[in-house]
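# Examination of the molecular architecture
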Amino acid sequence: MLSHCVSDIRGTGTAPSPPPTGVGGTTPTTYTYNGNGVRTSLTTRTGQAMGFTYDQTTGTPRLMSDGTSDYIFGPMGTPIEAINVASQSPNY
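Source: prediction; values computed, not measured. (Residues numbered from 1 in each chain as written. Predicted model: local features only at pLDDT ≥ 70, side-chain atom pairs only at ≥ 80, totals over all residues. Heavy atoms only, no water.)

## Notes on the overall build of the protein
- Along the backbone of the protein there are zero helices and nine strands.
- Going residue by residue from the N terminus, the α and β elements of the protein occur as β-β-β-β-β-β-β-β-β.
- When each of the 92 residues of the protein is scored for burial, the buried share is 25%.
- Expressed as a percentage of contacts within the protein between residues at least 6 apart in sequence, the contacts between residues at least 24 apart total 13%.
- Only carbon and sulfur atoms are counted for the fraction: they give 58% of the accessible area of the protein, which is about 6,100 Å². (Helix = DSSP H or I, 4+ residues; strand = E, 2+ residues; numbered from the N terminus. Buried < 20%, exposed > 50% of the residue type's maximum accessible area, 1.4 Å probe, protein only. Contact = heavy atoms within 4.5 Å. Areas by Shrake-Rupley, 256 points an atom, 1.4 Å probe, with all protein chains shown as cover.)

## Considerations on the packing of aromatic side chains
- On inspection of all chains with the given rule, the structure shows zero aromatic pairs.
- Of note, Arg62 hangs over the ring of Phe73, and the distance from its end group to the ring centre comes to 5.3 Å. (Phe/Tyr/Trp six-rings, centres within 6.5 Å; stacked < 30°, edge-to-face > 60°. Lys NZ or Arg CZ within 6 Å of the ring centre and 35° of its normal.)

## Quick look at the pairing of strand 2 (residues 30-33)
- The alternating pattern of strand 2 places Thr30 and Thr32 and Tyr31 and Tyr33 on opposite faces, both of which are buried.
- Note that strand 2 and strand 3 (residues 39-43) share four bridges and pair antiparallel. Bridge pairing in strand 3 links Thr32 to Ser41.
- Adjacent in sequence and paired antiparallel, strand 2 and strand 3 are bridged by five residues, among which Gly37 carries a positive phi angle near 85°. (Pairing = 2+ DSSP bridges.)

## Observations concerning the pairing of strand 7 (residues 69-73)
- In this sheet, strand 8 (residues 79-84) lies alongside strand 7 in antiparallel orientation, the contact comprising five bridges. Among the inter-strand pairings, Asp70 is bridged to a residue of strand 8, identified as Ile83.
- Connecting strand 7 to the antiparallel partner strand 8 that follows it, the hairpin turn spans five residues, and Met76 within it adopts a positive phi of roughly 65°.

## Some points on unusual backbone geometry
- A positive phi angle, close to 60°, is found at Gln88, a residue other than glycine.
- Looking at the element boundaries, Gln88 is found in the loop between strand 8 and strand 9 (90-91).

The structure is reproduced here in structure tokens:
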């Protein structure tokens, strides 16, 4: 089951609702979550959609990709590298 949430200024989801029209007629950033409450996508005010990919083999889902960066984790789940998808440049 997917739900649709609208972001407040802190980036946290509010109650599920249809996407409203924001200040000045702009649509706010919206997030979509799966039935387990894990964020699966976001759509920016400009309409750019980004999907999220998670490693679900651990107790807590680990973010593997957020549409902008891919993430690599080391031992004990420690994040060790983020790779920019567009430029393929790593950040350590």
